Amino acid sequence: MCVLRASDLAVGYDRQPVLKNINFTIEAGDYFCIVGENGSGKSTLMKTILGLQNPVSGTVEFGEGVEKNQIGYLPQQSDVQRDFPATVYEIVLSGFQNSLGKRFFYSKEQKALALENIKKMGINGLKNRCYRELSGGQQQRVLLARALCATSRILLLDEPVAGLDPQVTAEMYELIDDLNKQGLTIIMISHDIENVKKYATKIFDVTEVE
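Everything in this summary refers to the structure shown in the same document.

What counts and what doesn't
- Residues numbered from 1 in each chain as written.
- Predicted model: local features only at pLDDT ≥ 70, side-chain atom pairs only at ≥ 80, totals over all residues.
- Heavy atoms only, no water.
- Helix = DSSP H or I, 4+ residues; strand = E, 2+ residues; numbered from the N terminus.
- Rg over C-alpha atoms; globule rule 2.2 N^0.38 Å.
- Buried < 20%, exposed > 50% of the residue type's maximum accessible area, 1.4 Å probe, protein only.
- Contact = heavy atoms within 4.5 Å.
- Areas by Shrake-Rupley, 256 points an atom, 1.4 Å probe, with all protein chains shown as cover.
- Lys, Arg positive; Asp, Glu negative; His and termini not counted.
- Charge placed at Lys NZ, Arg CZ, Asp CG, Glu CD.
- Pairing = 2+ DSSP bridges.
- Axes fitted to C-alpha atoms, helices over the stretch in contact; angles between N-to-C directions.
- Salt bridge = Lys/Arg side-chain N within 4 Å of Asp/Glu carboxyl O.
- Polar contact = N/O pair within 3.5 Å; in protein donor to acceptor, adjacent residues only side chain to side chain.
- 1 Å grid on protein atoms, 1.4 Å probe; cavity = no way out; pocket = protein on both sides within 12 Å on 5 of 7 lines; lining within 4 Å.
- Points joined across faces, edges and corners; volume = space filled by probe spheres on them.
- Nonpolar A, V, L, I, M, F, W, Y, C, P; charged D, E, K, R; others polar.

When helices and strands are tallied, the chain shows seven helices and eight strands. Expected size for 210 residues packed as a compact globule is a radius of gyration near 17 Å; at 17 Å, the chain falls within 12% of this value. Reported as C-alpha extents along the three principal axes, the dimensions of the chain are approximately 50 × 40 × 35 Å. For the chain, with 210 residues in total, the buried portion stands at 47%. The long-range fraction of contacts in the chain, counting pairs at least 24 apart against all pairs at least 6 apart in sequence, stands at 72%. Of the roughly 10900 Å² that the chain leaves accessible, carbon and sulfur atoms contribute 48%. With 23 positive and 26 negative side-chain charges, the chain shows a spacing of 8 Å between the two charge centroids.

Below you can see the structure in the form of structure tokens.
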């Protein structure tokens with residue numbers, strides 16, 4: 001089943017395309033990687049998929065029954081975000097913010113699922129720790145648990161191993177691969193072509209379009 005399709009898509013800023021002639025289809029269960037050098041337009045494409053900016057032309061269409069608010073997103077972190085003064089549990093729980101609607105408080109079910117995702121990411125012993133005190137790899141696990149709270153279908157990951165050492169990078173790729181094997185559709189931006197070839201079921205190279 002198709003979950004997302006880009007058709008004759010051009011992306012960019014101020015109506016000026018940085019990438020155009022983009023065409024691809026992502027099926028449920030795919031591990032779809034968008035690759036290319038830094039500055040090649042990968043993040044611009046990701047923001048367009050997320051609806052954070054409009055296409056210059058063409059379309060991004062979601063499959064039947066797929067809504068934008070059902071997508072979990074793990075963005076690249078800024079230095080300010082890395083220094084955020086909240087507990088691991090609070091940050092993971094905030095993944096439900098878009099589904100709160102008019103409610104002010106998280107439900108019992110959401111709190112239970114946040115704890116389940118913390119455990120799934122292997123950071124149960126860190127749930128009461130301050131996020132800013134964690135290592136880069138631990139922070140990425142926290143953010144992945146947060147993204148899982150937003151979705152049970154599609155994860156969008158923007159350079160999820162950037163700045164991590166080789167061992168932590170390998171662990172992160174294994175975590176993401178396990179999530180894909182459990183049924184999650186993965187859409188990942190990366191310039192780490194060797195690991196992409198190892199895990200991805202489909203690869204879209206932005207350097208091969210105009």
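Time to look at the environment of Q77. Checked against the element boundaries, Q77 lands in the loop between β5 (71-74) and α2 (79-82). Residue classification places Q77 among the buried residues on the basis of a relative accessible area of 15%. Spatially, the C-alpha atoms of Q77 and Q139 are 9.7 Å apart, while their sequence positions differ by 62 residues. Apart from residues lying up to four places away in sequence, Q77 is in contact with R82, Y131, Q139, Q140 and L143.

The subject of this paragraph is the sheet that holds strand β2 (residues 16-27). Either a parallel or an antiparallel arrangement is found when strands of a sheet pair, and the pairing is made through backbone hydrogen bonds. The antiparallel open sheet is built from three strands, whose spatial order is β2-β1-β4. Bordering the open sheet on either side are β2 and β4 (57-62), each of which pairs with just one other strand. With strand direction ignored, the average angle separating the axes of adjacent strands in the sheet is 15°. Set on the sheet, helix α1 (residues 42-50) makes contact with β1 (2-13), β2 and β4; between it and β1 the angle comes to about 125°.

The side chains of a regular strand alternate between the sheet's two faces. Bridge count between β1 and β2: eight bridges; the pairing is antiparallel. If you follow L9 over to β2, its bridge partner there is I22. Bridging between β1 and β4 involves five bridges; their strand directions are antiparallel. Its bridge partner being in β4, L4 is matched across the sheet by F62.

So, on to the side chain of K42. Within the secondary structure, K42 sits in helix α1. At 4.0 Å, E159 is the nearest oppositely charged side chain to K42, a buried residue that forms no salt bridge. At 3.0 Å, the side chain of K42 and the backbone oxygen of E37 are in polar contact.

Quick look at the pattern of salt bridges now. This model, assessed by the stated rule, comprises four salt bridges. A salt bridge links K202 to D30, with the nearest nitrogen and oxygen atoms 2.9 Å apart. You can see K202 sitting in strand β8 (residues 202-205) and its partner D30 sitting in the loop between β2 and β3 (31-35), a full 172 residues away along the chain. For D30, a relative accessible area of 9% corresponds to the buried category. A salt bridge links E133 to R129, with the nearest nitrogen and oxygen atoms 3.5 Å apart.

Turning our eyes to something else, we now look at the layout of surface pockets. Here the second largest pocket is characterised by a volume of approximately 180 Å³. With three residues, helix α5 (residues 136-149) is the single largest residue contributor to the lining of the second largest pocket. Across the lining of the second largest pocket, the residue classes tally to three nonpolar, six polar and three charged.

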